[in-house]
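So the chains spell out like this:
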Number of protein chains: 2
Amino acid sequence: MHSLDSLDEINKLDTGNVLTSIESLGAQIRQAWEEVRQREVPAACPLAKNVIVSGMGGSALGGRIVDSLLADRARVPIEVVTEYNLPNYVNKDTLVILSSYSGNTEETLASANEALNRGAMVYGVTTGGKLADFLSENGFDGYIYDPKENPSNQPRMGLGYSIASVLAVLSKCEFINLLDSEMEEAIQEAEKLITDYGANVPENENVAKALARKLMGKVPVIIASEHLVGSAHTFKNQLNENAKTFGLIFDIPELNHHLMEGLRNPHEIKNILHFLFLDSPHYSKRVGIRYPITKEVVEKNDIETEVYGTRGSKKIIEIFEILVLSSYVSFYLAMLYGLDPTPIPWVDHFKTELSKS
Amino acid sequence: MHSLDSLDEINKLDTGNVLTSIESLGAQIRQAWEEVRQREVPAACPLAKNVIVSGMGGSALGGRIVDSLLADRARVPIEVVTEYNLPNYVNKDTLVILSSYSGNTEETLASANEALNRGAMVYGVTTGGKLADFLSENGFDGYIYDPKENPSNQPRMGLGYSIASVLAVLSKCEFINLLDSEMEEAIQEAEKLITDYGANVPENENVAKALARKLMGKVPVIIASEHLVGSAHTFKNQLNENAKTFGLIFDIPELNHHLMEGLRNPHEIKNILHFLFLDSPHYSKRVGIRYPITKEVVEKNDIETEVYGTRGSKKIIEIFEILVLSSYVSFYLAMLYGLDPTPIPWVDHFKTELSKS
């Protein structure tokens, strides 16, 4: 696909309504925030000494984003678990949030049983499946939702639900202080960007389309820090699943201690890697100073770079900003490669093979 | 360098004694374990509700390895922090282990001051520098050691110290139960491998040399799970710093949910990536089943693969096994590229530029 400005061509490739799901991200967030706020959470959850968010792939991303966002706000440790087993410390003083879009992820169901056996406080976030059964059989609270704002029905395109529901549960359990008005402001800002980066805005005025074109034929290397690390993770996963593109993430300051030496061999990487720095005025001062110096080092290693400077006036707004950006960029990149973003044949093949064992 | 079997050529390239540091890994572990066991830890540390290991680059790797190893053993959350700031939850009930080989890492010193201000229990692990001053000025316990078994004096080559000292502190604080006899057995197994993978063993009988040759001209993609995730992280960092080679890590089962779709674009990755699976009989059953299926999917995407099956009879032995393997492989790969593994010019350049700001 040569032009990203033909809605006809976009609609022809996008058989699974991924574009509509992106356009509905704000509505997803609003629905989940309002619905979870009206529901029960485990009565003793404000007393939990630590929190686990257990989920895989797209269903882990909400937890990762919230974990990064809350590092400077949450009053207990929050850990995202993407394995079968829960850490040994999980006990009756732990709040375990189980997140599975389909409700049938085998790792998350294993975690669910472990949480039950350890006597943990349990909360589930799912559209149904076995996880919904598990919750009702054991009398656990949860948010079993109708993903009406995610017409693609792809978990990675329903991130508005998983981010907002985890935020809402943590807020109801008094681990963070997040006002309805703060959320509404963030949603409105996200909706502005959904328009600005949308399919109707031509490429020469559209940051997301222009970025997708630059990433064509490249391995995007997403660089972020602090509250945006979870968002970078999301960007990478969406590149994998929507654009069938290899993508990487590294964080500053940690990468300054090793990665810069690793840009020499093999020589072929110099033509393939494309570093994308997600720069934010909300990074702490010494971290911010590192961005231009790191960029210079990468360029001196003959590797292309790009900076996306966030516009959001608060950290939580930036979270949604990068979510909108990464959703669109991965979608447009799929279009440029002439690919339907919906099918994930290898993930499906893998699940079939695994189910035989 | 064409042959890895000429000690003369190796010694000519290895001006900084990296090889001797690798050969001394067992001695590093023994020294740190014994010395920390004889020293004081904060009296109330067994009561800590959570543990932070704060360190950067090579000094974070000990924490990462221990964190992975202990997920199924530790009775409180352990978090590795590679940033300036400590998470908001850190308070008087937190044990903060500050790890900086030189003692002059600016991120770790920022964390140190934050730990002090929050009233946390503090323990330092360093060879000296400003961190040693900070500890003595504030009356904090610590392990200020003579790195006599690390003649290269490169932090990444002193991992025996950072792993064993963190293990010893956590053991003294009663977070884990680790016997002297268990450690001694693990050290002896490591020393056997130091011989088996050593420079004196010719390439046709040497797993580490053979692996280095296969990784030549490639981007190694290290795949691991559960207790070996921290070890995979170490492998990647050593590839960066010793062999000046780009390296990546992903973990199973999480990668099964997205990465397999990302092996299509750009097409050039198919010739460059080389997946190295660190397979272990100690992974949980369903994780173990995933290894051959994942390998098959990668190969069907026309990407080379390799399996390293661990030999260690216990998880802690495997940790040291992979440490020995990754140290040697990254060293031999540097030799194949004709590079002295010691200099890290970009990290040094970066620190100089940063110090001007």
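Each chain carries its own residue numbering, running from 1 in the direction its sequence is written. Here every chain gets a letter starting at A, and every ligand a number starting at 1, in the order they are written. Reporting in this predicted model follows two pLDDT cut-offs: at least 70 for local features of residues, and 80 or more for side-chain atom pairs to be given and counted; totals over whole chains, interfaces and linings ignore these cut-offs and use all residues. Derived side-chain values reflect all non-hydrogen atoms in the structure, with water molecules and hydrogen atoms excluded from consideration.

**Digging into the packing of helix H4 (residues 58-70) of chain A against helix H7 (residues 159-172) of chain A**
Any two packed helices are characterised by how steeply their axes cross, that is the angle between the axes, and by the distance between the axes.
Residues and elements named next belong to chain A.
Moving on, step 1. Every axis corresponds to a line fitted to the C-alpha atoms, with the helix fit spanning only the stretch in contact, and the corresponding angles, defined between N-to-C directions, vary from 0 to 180 degrees. Each helix is a run of DSSP H or I of at least 4 residues and each strand a run of E of at least 2, with the numbering of both proceeding from the N terminus. Their axes nearest at 8 Å, the elements H4 and H7 cross at an angle of 50°. Overall, the two elements H4 and H7 adopt an arrangement that is oblique. In this structure, H4 crosses over H7, and the sense of that crossing is right-handed. Facing H4, whose interface residues are Gly-58, Leu-61, Gly-62, Ile-65, Val-66, Leu-69 and Leu-70, H7 presents Leu-159, Ser-162, Ile-163, Val-166, Leu-167 and Leu-170.
Moving on, step 2. Under the grouping applied here, Gly and all other residues not named as nonpolar or charged are polar, the nonpolar ones being Ala, Val, Leu, Ile, Met, Phe, Trp, Tyr, Cys and Pro and the charged ones Asp, Glu, Lys and Arg. When its residues are assigned to classes, the contact of H4 with H7 shows 10 nonpolar, three polar and no charged. With respect to orientation, any angle under 35 degrees is reported as roughly parallel, any angle over 145 as roughly antiparallel, any angle of 65 to 115 as roughly perpendicular, and every other angle as oblique. Crossing chirality is assigned from the near helix's rotation relative to the far helix, an anticlockwise turn below a right angle marking it left-handed and a clockwise turn marking it right-handed. Two residues form a contact once any of their heavy atoms are found within 4.5 Å.

**Regarding the interface of chain A and chain B**
Moving on, step 1. Taken together, the 76 residues of chain A in the interface contact 76 residues of chain B.
Moving on, step 2. Roughly 6900 Å² is buried in total at the junction of chain A and chain B, and carbon and sulfur atoms are behind 61% of that figure.
Moving on, step 3. Considering only the side of chain A, the residues that lose the most area to chain B are A:Phe246, A:Glu261 and A:Trp346, jointly responsible for 12% of the buried surface there.
Moving on, step 4. Salt bridges are defined by distance alone: a side-chain nitrogen of Lys or Arg within 4 Å of a carboxyl oxygen of Asp or Glu. At the junction of chain A with chain B, the criterion picks out eight salt bridges.
Moving on, step 5. Close ionic contact of B:Glu106 with A:Arg286 constitutes a salt bridge, the shortest N to O distance being 2.9 Å.
Moving on, step 6. Between N or O atoms, a polar contact is any pair within 3.5 Å; within protein, one atom must be a potential hydrogen donor and the other a potential acceptor, and residues adjacent in sequence are included only when both atoms are from side chains. Here chain A and chain B share 36 residue pairs in polar contact (both at pLDDT 80 or more) between them.
Moving on, step 7. Taken together, the elements giving at least two residues each to the side of chain A that touches chain B come down to helix H5 (106-118), helix H10 (229-243), strand S7 (248-251), helix H11 (269-272), helix H12 (285-300) and helix H14 (345-355) of chain A.
Moving on, step 8. Residue contributions to the side of chain A that touches chain B peak at nine residues, all from H12(A).
Moving on, step 9. Among the residues making up the side of chain A that touches chain B, the classes are represented as 33 nonpolar, 20 polar and 23 charged. Buried area is a sum: the accessible area each of two parts loses on coming together, probed at 1.4 Å, counted once for each and added.

**Let's talk about the pairing of strand S6 (residues 219-224) of chain B**
Residues and elements named next belong to chain B.
Moving on, step 1. Burial classification: accessible surface area is computed with a 1.4 Å probe over protein chains only, and a residue below 20% of its type maximum counts as buried, one above 50% as exposed, and the rest as partly exposed. Of all six residues in S6, six are buried, a share of seventy percent or more.
Moving on, step 2. Criterion used throughout: strands pair if DSSP finds at least two bridges between them. As defined by bridge partners, S6 adjoins strand S8 (residues 273-279) across five bridges and the pair is classed as parallel. Note that in S8 the partner of Ile-223 across the bridge is Phe-277.
Moving on, step 3. Sheet topology places S6 next to strand S7 (residues 248-251); four bridges connect them, and they run parallel. Of the residues in S7, the one forming a bridge with Ile-223 is Phe-250.

**Quick notes on the domain arrangement of chain A**
Residues and elements named next belong to chain A.
Moving on, step 1. Residue ranges labeled as domains rest on an automatic or database domain assignment. When cut into domains, chain A gives domain 1 (17-178) and domain 2 (200-336).
Moving on, step 2. With centres defined by C-alpha atoms, the gap from domain 1 to domain 2 works out at 27 Å.
Moving on, step 3. Regarding the contact of domain 1 and domain 2, the summed buried area is about 1800 Å², with carbon and sulfur atoms giving 73% of it.
Moving on, step 4. Our count for the domain 1 to domain 2 interface comes out at two salt bridges.
Moving on, step 5. For Arg-156, the salt bridge goes to Glu-241, with nearest N and O atoms at 3.7 Å.
Moving on, step 6. Contributions of two or more residues to the side of domain 1 that touches domain 2 are made by helix H2 (18-23), helix H3 (25-37), H4 and H7.
Moving on, step 7. At five residues, H4 tops the list of elements feeding residues into the side of domain 1 that touches domain 2.
Moving on, step 8. Considered class by class, the residues forming the side of domain 1 that touches domain 2 number 13 nonpolar, two polar and four charged.

**A few points about the relation of the copies chain A and chain B**
Moving on, step 1. Superposition of the copies was done by least squares, using only C-alpha atoms of residues whose pLDDT is at least 70 in both. Expressed as a screw operation, the relation of chain A to chain B combines 0.0 Å of axial shift with a rotation of 180°, fitting to an RMSD of 0.0 Å. Expressed as a symmetry operation, the mapping of one chain copy onto the other fits a two-fold axis. Taking C-alpha positions as reference, the residue of chain A nearest the rotation axis is A:Pro77, located at 3.7 Å.
Moving on, step 2. The overlap is high: 100% of the interface residues of chain A also sit at the interface in chain B, so the same surface is used on both sides.

**A look at the sheet that holds strand S8 (residues 273-279) of chain A**
Sheet strands pair by backbone hydrogen bonding; their relative direction is either parallel or antiparallel.
Residues and elements named next belong to chain A.
Moving on, step 1. Strand order in the open sheet formed by four strands is S7-S6-S8-S9, and the pairing between neighbours is parallel. Lying at the two open borders of the sheet, with one neighbouring strand each, are S7 and strand S9 (304-309). Averaged over all pairs of adjacent strands, the angle between strand axes in this sheet comes to 25°, irrespective of strand direction.
Moving on, step 2. Packing against the sheet, H10 makes contact with strand S6 (219-224), S7 and S8, and its axis sits at approximately 170° to S6.

**A closer look at the packing of helix H10 (residues 229-243) of chain B against helix H13 (residues 315-336) of chain B**
Residue and element names in this part refer to chain B.
Moving on, step 1. Packing of H10 against H13 brings their axes to within 9 Å, and their N-to-C directions diverge by 20°. The angle between H10 and H13 places the two elements in the roughly parallel class. As for the relative orientation of H10 and H13, their crossing is right-handed in sense. Note on element contacts: H13 touches H10 through Ile-319, Ile-322, Leu-323, Leu-325, Ser-326, Ser-327, Val-329, Ser-330, Leu-333 and Ala-334, opposite Ser-231, Thr-234, Phe-235, Gln-238, Leu-239, Asn-242 and Ala-243.
Moving on, step 2. Broken down by class, the residue content of the contact of H10 with H13 amounts to 10 nonpolar, seven polar and no charged.

**A closer look at helix H9 (residues 207-215) of chain B**
Residue and element names in this part refer to chain B.
Moving on, step 1. Buried residues of H9: Ala-208, Lys-209, Leu-211, Ala-212 and Leu-215, and no others. Projected onto a plane normal to the axis of H9, the buried residues spread over an arc of 165° and lie on a single side.
Moving on, step 2. Taking the backbone nitrogen of Ala-208 as reference, a side-chain oxygen 3.0 Å away marks Asn-206 as the first, capping residue of H9. What the arc describes is the spread of directions from the helix axis to the C-beta atoms.

**A look at unusual backbone geometry**
Moving on, step 1. Residue A:Pro266 is bonded to the preceding A:Asn265 through a cis peptide linkage, with omega at -10°.
Moving on, step 2. Within the secondary structure, A:Pro266 is located in the loop between S7 and H11.
Moving on, step 3. Omega for the peptide link from B:Ile252 to B:Pro253 comes to 15°, which places this bond in the cis form.
Moving on, step 4. Mapped onto the elements, B:Pro253 comes out in the loop between S7 and helix H11 (269-272).
Moving on, step 5. One non-glycine residue, A:Asn17, lies in positive phi territory at about 65°.
Moving on, step 6. Within the secondary structure layout, A:Asn17 lies in the loop between helix H1 (7-13) and H2.
Moving on, step 7. Residue classification places A:Asn17 among the partly exposed positions, given a relative accessible area of 37%.

**Examining the nonpolar core**
Looking at soluble globular proteins, one finds that nonpolar side chains tend to be buried together.
Moving on, step 1. A:Leu95 and B:Leu95 are the most contacted members of the largest nonpolar core, which totals 226 residues.
Moving on, step 2. With near-sequence residues (within four places) excluded, B:Leu95 lies in contact with B:Pro42, B:Cys45, B:Ala48, B:Asn50, B:Val51, B:Ile52, B:Met121, B:Tyr123, B:Val169, B:Cys173 and B:Phe175. Only buried Ala, Val, Leu, Ile, Met, Phe, Trp, Tyr and Cys residues count toward a nonpolar core, and they belong to the same one when joined by side-chain atoms within 4.5 Å.

**Details of the environment of B:Ala120**
Moving on, step 1. Here B:Ala120 shows up in the loop between helix H5 (106-118) and strand S4 (121-126).
Moving on, step 2. Each residue touching B:Ala120, except ones within four places of it in the same chain, is listed here: B:Val90, B:Asn91, B:Lys92, B:Thr94, B:Val96, B:Ala115 and B:Phe140.

**Remarks on the UniProt feature "domain: SIS" (unreviewed entry) in chain A**
Moving on, step 1. UniProt positions are given in the numbering used here, feature names are shortened, and annotations may be inferred rather than shown by experiment. Annotation from UniProt places "domain: SIS" (unreviewed entry) at residues 41-189 of chain A.
Moving on, step 2. Summarising residues 41-189 of chain A: 40% helix, 17% strand, and an end-to-end C-alpha distance of 28 Å.

**As for the packing of aromatic side chains**
Moving on, step 1. By convention, a stacked pair of Phe, Tyr or Trp rings (six-membered ring in the case of Trp) has centres within 6.5 Å and planes under 30 degrees apart, an edge-to-face pair has planes over 60 apart, and any other such pair is tilted. In this structure the tally under the stated criterion is 20 aromatic pairs over all chains.
Moving on, step 2. Ring geometry for A:Phe134 against A:Phe140: centres 5.7 Å apart, planes inclined by 35°, an arrangement best described as tilted.
Moving on, step 3. With relative accessibility at 7%, the residue A:Phe134 sits in the buried group.
Moving on, step 4. Judged by relative accessible area, which is 21%, A:Phe140 ranks as partly exposed.
Moving on, step 5. Between B:Tyr143 and B:Tyr145, the aromatic rings sit 4.9 Å apart at their centres with planes inclined by 20°, giving stacked as the arrangement.

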